[in-house]
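Chain by chain, the residues:
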Amino acid sequence: MELWGWILLVGACILTTVVGIVIGIVIRKSIGERKIGSAENEAKRIRDDAAKEAESMKKEALISAKEDILRQRNEAEKELKERRTEITRTERRISQKEENLDKKAEGLERKNEQLDKKLKENDAVREQINALLKKEEEVLEKIAGISADEAKEELITRVESEVKNELAQRLADLEAKFKEEADTKAKNIISLAIQRCAADHVAETTISVVSLPNEDMKGRIIGREGRNIQMIEKLTGIELIIDDTPEAITLSGFDPVRREVARITLEKLISDGRIHPSRIEETVEKATKEVETTIKQAGERATFDVGIHGINPELVKMLGRLRFRTSYGQNVLKHSIEVALIAGMIADELGVDSTLAKRAGLLHDIGKAQTHEMEGSHIELGVNLAKRYKENRDVIHAIEAHHGDVEAKTITAVIVQAADAISAARPGARREDLENYIKRLEKIEEIAKGFSGVEKAFAVQAGREIRVMVKPEEVNDAGMTVIAREMAAKIQEEVNYPGQIKINVIRESRAIDYAK
């Protein structure tokens, strides 16, 4: 009984559970159907609202588009109206201009007719004048006895002569005026520069004789079988001349630096007393170093004296080598220092860069430091050295132009030319042999006598002035200026000379009579 009870209880529970599940499913389905219906209604409402809103926006857009179209149409009509007004106004102006042009054209036609009429009248008058002139020319030719062409030639010749004389006179007047002003200023500047630079300009000679304490020293210098003198000559490149000159040995060689090394070597050997090949070799080496030191110090001293800095050390050494070079007996280093100082003073007076002028003046003869083994003039060698060591372009041009080989294109080059001439022209600064001196004077006189109208020519004042006597019947006062100018140009072109040469042309007329 109890078992059946339990079975019934379990069955009842299962039945209850099944019924509950069915009821739940039915209830959930009913709720879902209600929600679906509500969602469909909501969606329908939203669609209706959206359709209404879209219709409203469509109407508003149509209204706005119509308003824009209307506004643009009004603006276009207004602009079209303005353009039509402007076109009308332009057409009116063009019409007025056409009327004015027509009037002007009519006026021009009338003027052309008048001009044609006057031209015809002028042609008729010209024909009458030509006929009268022809008759007058015939009458004048009969009276004068020459033709019109001959008269023209004579007139042209006379006018040319008068014009030439007048131009020569004006040239002489202008030259005298400018020369007076330029001479005054140049004399002031140059005299001031020369007075301020009172350098020692006495000509120097290179020492080539070594004094000996006694005659026995000659034999010791020659050595056994001449080995000592051969060693000295081999190491220095200088020839030792031992002759009958008492207590002296002459050094002969083209290189002054080597000659200086040989001189110092001999003096050291004589002072030491030990003269043999090994000692000679050691002494030559010491003397070479001593000369190199002297060269370097001389170059540095020159730059210090002039006040120029920043020069390449190799150029400074080249400057020092100029201490052992001479030109016409003038020491080249002293000459370069003097040129630099004078150039700086002239530049200061002219108001230009004095530092650049001094630098160019100091380096203008740097090419003379090269040996004879280098080919080319000292100007070419100097330009190449300056370019190699990156010198200033104005300095290079001044080196190139200081002897007039090229035209001076800068004020610095002109100043260096003047300073170089001043230094070389100082009395006693340079010397030249008698033969060259006489040839130069003869050449100057020959050039002067080669000009037409010159009667005599004399070179005076050691060739620094040429006095020219002209024939008064062939050369007038105005022509003297032309002769002097042409003569100076020819002498400058054909003759090499230090300083400058004054051309003094003299024309003298004399009238002689006797009282009896």
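Preceding this paragraph is the structure being described.
To keep things clear, this report deals only with the structure shown in the data block. As the structure is a prediction and not an experimental result, all values here were calculated from the model. (Residues numbered from 1 in each chain as written. Predicted model: local features only at pLDDT ≥ 70, side-chain atom pairs only at ≥ 80, totals over all residues. Heavy atoms only, no water.)

### Focus on the overall build of the protein
Where we set the bar: Secondary structure elements are defined from DSSP: runs of H or I of at least 4 residues count as helices, runs of E of at least 2 residues count as strands, and each element is numbered from the N terminus. When accessible area is computed with a 1.4 Å probe and restricted to protein chains, residues below 20% of their type maximum are described as buried, those above 50% as exposed, and intermediate ones as partly exposed. Contacts were defined at the residue level, with two residues in contact if any of their heavy atoms lie within 4.5 Å. Reported accessibility uses the Shrake-Rupley method at a 1.4 Å probe radius. Residues are deemed covered only where the shown protein chains occlude them.
Scanning the protein for helices and strands turns up 14 helices and eight strands. Taking all 516 residues of the protein together, the buried fraction comes to 28%. Considering only residue pairs separated by 6 or more positions, the protein has 62% of its internal contacts joining residues 24 or more positions apart. With an accessible surface of roughly 35900 Å², the protein has 53% of that area assigned to carbon and sulfur atoms.

### So, the pattern of salt bridges
Condition: Here, a salt bridge means any side-chain nitrogen of Lys or Arg that lies within 4 Å of a carboxyl oxygen of Asp or Glu.
Applying the stated rule across the entire model yields 22 salt bridges. A salt bridge links Asp-49 to Arg-45; the shortest N-O distance between them is 3.1 Å. In this pair, Asp-49 and Arg-45 both sit in helix α1 (residues 2-144), four residues apart, roughly one turn of the helix. Given the relative accessible area of 35%, Asp-49 is considered partly exposed.

### Considering the sheet that holds strand β8 (residues 502-507)
Which entries qualify depends on this criterion: Between any two strands, pairing holds if DSSP finds at least two bridges. Angles shown run from 0 to 180 degrees and are taken between the N-to-C directions of axes, each axis being a line fitted to C-alpha atoms and, for helices, limited to the stretch in contact.
Ordered in space as β6-β7-β8, the three strands form an open sheet in which the pairing is mixed. Pairing within the sheet leaves two strands with one partner each, and these edge strands are β6 (454-460) and β8. Strand-to-strand twist across the sheet, computed as the mean angle between neighbouring axes with direction ignored, equals 20°. Bridge count for β6 against strand β7 (residues 465-470) is six bridges, and the pairing is antiparallel. Note on β7: the bridge partner recorded for Ala-459 is Ile-466.

### A look at helix α5 (residues 256-272)
Residues spaced three or four apart along an α-helix point in a common direction, a consequence of the helix completing one turn every 3.6 residues. Short version of the rule: Multiplying one less than the number of residues by 1.5 Å gives the expected span of a helix.
Across its 17 residues, α5 extends 24 Å between first and last C-alpha, which sits within 8% of the 24 Å expected from 1.5 Å per residue. Buried residues dominate α5, accounting for twelve of its 17 residues. By the burial criterion, the buried members of α5 are Pro-256, Val-257, Arg-259, Glu-260, Val-261, Ala-262, Arg-263, Ile-264, Thr-265, Leu-266, Leu-269 and Ile-270.

### Considering the sheet that holds strand β3 (residues 248-252)
The strand order β1-β3-β2 describes an open sheet built from three strands, whose pairing is antiparallel. Of all strands in the sheet, those bounded by a partner on one side alone are β1 (209-211) and β2 (239-241). Averaged over neighbouring strand pairs, the angle between their axes works out to 30° when direction is ignored. Strand direction decides the pairing type here: β2 and β3, joined by three bridges, are antiparallel. Residue pairing for β3: Ile-241 is matched across the bridge by Thr-250.

### Here's the deal with the packing of aromatic side chains
Between two aromatic rings, the relevant description is the distance of the centres plus the angle of the planes. As a reminder, the rule being used: We call Phe, Tyr and Trp rings a pair once their centres come within 6.5 Å, taking the six-membered ring for Trp, and we label the pair stacked below 30 degrees between planes, edge-to-face above 60, and tilted otherwise. Criterion for a charge above a ring: Arg CZ or Lys NZ at most 6 Å from the ring centre, at most 35 degrees from the ring normal.
The final tally for this structure, using the stated rule, is zero aromatic pairs. The cationic tip of Lys-490 hangs over the ring face of Phe-451; the distance from NZ or CZ to the ring centre is 5.8 Å.

### Describing the environment of Gly-237
In this fold, Gly-237 is placed in the loop between α4 (227-236) and β2. Here Gly-237 falls in the partly exposed class, since its relative accessible area comes to 44%. C-alpha separation for the pair Gly-237 and Gly-253, spaced 16 residues apart in sequence, amounts to 7.5 Å. Leave out the neighbours within four places in its chain, and Gly-237 touches Ile-232 and Arg-258.

### A word on a nonpolar patch on the surface
For clarity, the threshold we go by: Note on patches: the residues involved have over 30% relative accessible area and no salt bridge, like charges join within 9 Å, and the nonpolar side chains Val, Leu, Ile, Met, Phe, Trp and Tyr join within 5 Å.
On the surface, a cluster of nonpolar side chains totalling about 420 Å² of accessible area is made up of Val-10, Ile-14, Val-18, Val-22 and Val-26. Position of Ile-14 among the secondary structure elements: in helix α1.

### Quick word on the nonpolar core
The line we're drawing: We define a nonpolar core as any set of buried Ala, Val, Leu, Ile, Met, Phe, Trp, Tyr and Cys residues linked to one another through side-chain atoms lying within 4.5 Å.
Grouped together as the largest cluster of nonpolar side chains are 31 residues, with contacts concentrated most on Leu-362 and Ile-366. When contributions to this core are tallied by element, the ones reaching two or more residues are α6 (277-306), α7 (313-321), α8 (332-350), α9 (354-363), α10 (378-388), α11 (393-401) and α12 (411-425). The greatest single-element share of this core, amounting to five residues, is contributed by α11. In this structure Ile-366 touches Leu-315, Met-318, Leu-319, Leu-322, Gly-382 and Leu-385, once residues within four positions along its chain are discounted. Judged by nonpolar contacts, the second largest core, of 24 residues, contains Ile-221, Ile-232, Ile-238 and Ile-264.

### Examining the pairing of β7
Bridge analysis of β7 against β8 gives six bridges, and the strand direction is parallel. Residue pairing across strands places Val-470 opposite Arg-507, the latter belonging to β8.

### What to know about a negative patch on the surface
Test applied: His is not counted, nor are the chain ends; Lys and Arg add positive charge and Asp and Glu add negative charge. Note that the charge is assigned to NZ on lysines, CZ on arginines, CG on aspartates and CD on glutamates.
Together, Glu-98, Glu-99, Asp-102, Glu-106, Glu-109, Glu-113 and Asp-116 make up a negatively charged patch on the protein surface. By secondary structure assignment, the location of Asp-116 is in helix α1.

### Let's talk about the side chain of Asp-365
The following threshold applies: Within 3.5 Å is the distance limit for a polar contact, defined as a pair of N or O atoms, with the added protein rule that one can donate a hydrogen and the other accept it, and that residues adjacent in sequence qualify only through two side-chain atoms.
Its place among the elements puts Asp-365 in the loop between α9 and α10. Side-chain polar atoms of Asp-365 contact the side chain of His-364, separated by 3.1 Å. A polar atom in the side chain of Asp-365 sits 3.3 Å from the side chain of His-402. Not counting residues within four places of it along the chain, the set of residues in contact with Asp-365 comprises Leu-322, Val-332, His-335, Ser-336, His-378 and His-402.

### Considering helix α14 (residues 477-494)
For α14, spanning 18 residues, the distance from its first C-alpha to its last is 27 Å, which sits close to the expected 26 Å at 1.5 Å a residue. Those residues of α14 not exposed but buried are Ala-478, Gly-479, Met-480, Thr-481, Ile-483, Ala-484, Met-487 and Ile-491. Capping the start of α14 is the job of one residue whose side-chain oxygen sits 2.6 Å from the backbone nitrogen of Gly-479: Asn-476.

### Topic: the environment of Asn-496
Tracing the backbone shows Asn-496 in the loop between α14 and β8. Residues Asn-496 and His-403 lie 93 residues apart in sequence; the distance between their C-alpha atoms is 9.9 Å.

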